[in-house]
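Here are the chains, one letter per residue:
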Amino acid sequence: MIDWQSLGQGISMLMSLEVFFLMLVGLALGVVLAAIPGFTGSLGIAIMLPLTFGMDPLPSLVFLLSIYTGGLYGGAITAILLNTPGSPAAVATSLDGYPMTKKGYAGKALGIAVGASSIGGFIGIAVLLVIIQPLASFALRFGPTEMFMVAVFGLTIIAALKGNSFIKTLYAGLLGILIGTIGMTSSGAVRGTFGMSELLDGIPIIPALIGLFAVSELFFLVEKGYVAKQQVKERNSLQVIHGIKRAIKYPFNILRSSAIGVFIGALPAAGSTIASLVSYNEAKRASKDPSSFGKGNEEGIVAGEAANNSSEGGALATMLVLGIPGSASAAMLLGAIIMQGWTPGPRLFIDHSDVLYGVIFSELIQEILLIFVGGAIAVVAGRIVQVPTRVLIPTIIVFALVGSFAVRNLMFDAVLVFLFGLLGWYLRKNAYPTIAVVLGLILGPLADRELLRSYQLYGDETFLMFFQRPITLILIAITILGAVTPFLLERKKKKKERLE
């Protein structure tokens, strides 16, 4: 539970104009960097990490965490405006955010995103503050079999997508899984690289996302004068404010999505991407009008962004208590802690509880400030849709190439962007959902890796272990339920239509 004395000492350490200024700068930097495809929040932390060498522990950690917080929301900006997720976690947001932009409601979609991000993040940190140690200890019980089932459960979202054809959706998902198996396994086996050393680490996710979403969209934008077919007369700033208010209209969605985000965020190697996709699927399943998802449904944006940002609380719990980073950003933050001469792990809260409680409380303040900082940037960014496509298309291409190159400093990744762009264009032209490919690409390698770890750990008894571990059994039941439910609901709907 909360150590109130250490919390009070931590809060008193935050009472400084320097710390407040660092929060604002960090949030703005995180939002802007994450909005550029390829320039993720973790890159912002990496760039600014050397600047914190001479800082005291509290200001340095607050500054880096502010970049992290801003980066979780920033990826939604280009996802909504240009169908170009700034980060993998923003994929779910683009599914309904971009359709809203094409209808002329870009500002409103951005407002909903920043509102849901702030509220979801606040809930995630509040949970972190109360149950940080029990949550992290429970997450430690997840072995390879449990993580494999988490990945498989995420893949059941493919069944819920369906689109116009379940067979096409299934094929797209299998294609994503197949592409995700390219590279060297943990046992040293090399698959599908065709002798290219650039593919030994697998297909880099950022170039693949930029190609599948951004570049493929450019083929369709060439024939249009503007991104949006129609422009709403309401000023963009008013749309953003209205969108923030709309996010509050879905309290159950936000609570459910935040709970999913905190739980999945606490699992090592799971992270915000899986959290946002699973949350989106649960929101669609619980909706009274699931067919409207993917066409500009506000609940889809709320679910994706609330889970994305609340996952920060779970990730920080695992990192601070166990010393296990669940993402690239968490690894950078762990490096900052080590730079202070501290040892990550259970003793961290014993030796430096006042500083850590201060850092966690600063996160609550950051989530409130995110509404204002993120909202202000959204107002400016929302004007992008008013730029003619003849100017927008070459600009996007430049950012896409620079962003993909920045990931590994390889021109090979820039080539991958165009290859995946052609693949995305072909899939969309023939009514194959690209999101199914992305799901397979993200979750396939995780399932593959954890299944191999399970076999290495249990050998010939691997299959039996799936039915002997209680948490794995629960996840199997949830997975079966998740895969079957969409078909049962569809059958019930058809039966009701026949009776009417």
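An unreviewed UniProt entry lists the protein under the name DUF112 domain-containing protein, with Alkalicoccus saliphilus as the source organism.

Turning next to the overall build of the protein. Across its full length, the protein carries 22 helices and two strands. Among the 500 residues that make up the protein, the fraction classed as buried is 56%. Put simply, 80% of the contacts in the protein that link residues at least 6 apart link residues at least 24 apart. When the accessible surface of the protein is split by element, carbon and sulfur atoms take 67% of a total near 21,100 Å².

So, on to the nonpolar core. Ranked by internal contacts, the top residues of the largest apolar core, which has 74 residues, are Leu 64, Tyr 68, Tyr 73, Ile 77, Leu 316, Met 319 and Leu 333. Broken down by element, the residue count for this core peaks at 15 residues, all from helix H4 (residues 57-82). Within the second largest apolar cluster, 49 residues are counted, among which are Met 149, Ala 151, Leu 277 and Phe 293.

In contact at an axis separation of 6 Å, helix H10 (residues 205-221) and helix H19 (residues 411-429) are set at 55° when each is read in the N-to-C sense. When the axes of H10 and H19 are compared, the pair comes out oblique. Once H10 is placed against H19, the crossing between them reads as right-handed. Between H10 and H19, the contacting residues are Pro 207, Ala 208, Ile 210, Gly 211, Leu 212, Phe 213, Val 215, Ser 216, Glu 217, Phe 219 and Phe 220 on the first element and Asp 413, Leu 416, Val 417, Phe 418, Phe 420, Gly 421, Leu 422, Leu 423, Gly 424, Trp 425, Arg 428 and Lys 429 on the second. Residues that form the contact of H10 with H19 fall into these classes: 15 nonpolar, four polar and four charged.

A surface patch of like charges, here positive, comprises Arg 491, Lys 494, Lys 495 and Arg 498. Here Lys 495 shows up in helix H22 (residues 470-499).

Here we take up helix H17 (residues 353-381). Every α-helical turn comprises 3.6 residues, leaving residues that sit three or four positions apart pointing alike. Over its 29 residues, H17 runs 39 Å from end to end, which matches the ideal 42 Å to within 8%, given 1.5 Å per residue. At Leu 369, H17 shows its largest kink, close to 35°. The element H17 is largely enclosed, with a buried count of 21 among its 29 residues.

Moving on: H4. Taking 1.5 Å per residue as the helical rise, H4 with its 26 residues ought to reach 38 Å, and the 39 Å between its terminal C-alpha atoms agrees with that figure. Along H4, the sharpest kink reaches roughly 30°, centred on Leu 72. Remark: Asn 83 follows H4 within two positions and exhibits a positive phi of approximately 60°.

Scoring rules and cut-offs
- Residues numbered from 1 in each chain as written.
- Predicted model: local features only at pLDDT ≥ 70, side-chain atom pairs only at ≥ 80, totals over all residues.
- Heavy atoms only, no water.
- Helix = DSSP H or I, 4+ residues; strand = E, 2+ residues; numbered from the N terminus.
- Buried < 20%, exposed > 50% of the residue type's maximum accessible area, 1.4 Å probe, protein only.
- Contact = heavy atoms within 4.5 Å.
- Areas by Shrake-Rupley, 256 points an atom, 1.4 Å probe, with all protein chains shown as cover.
- Core = buried A, V, L, I, M, F, W, Y, C linked by side-chain atoms within 4.5 Å.
- Axes fitted to C-alpha atoms, helices over the stretch in contact; angles between N-to-C directions.
- Parallel < 35°, antiparallel > 145°, perpendicular 65-115°, else oblique.
- Left-handed = near helix turned anticlockwise from the far one by under 90°.
- Nonpolar A, V, L, I, M, F, W, Y, C, P; charged D, E, K, R; others polar.
- Patch = residues over 30% accessible without salt bridge, like charges linked within 9 Å, V, L, I, M, F, W, Y side chains within 5 Å.
- Salt bridge = Lys/Arg side-chain N within 4 Å of Asp/Glu carboxyl O.
- Lys, Arg positive; Asp, Glu negative; His and termini not counted.
- Charge placed at Lys NZ, Arg CZ, Asp CG, Glu CD.
- Expected span 1.5 Å × (residues − 1).
- Bend = angle between axes of the 7 residues up to and from the residue.

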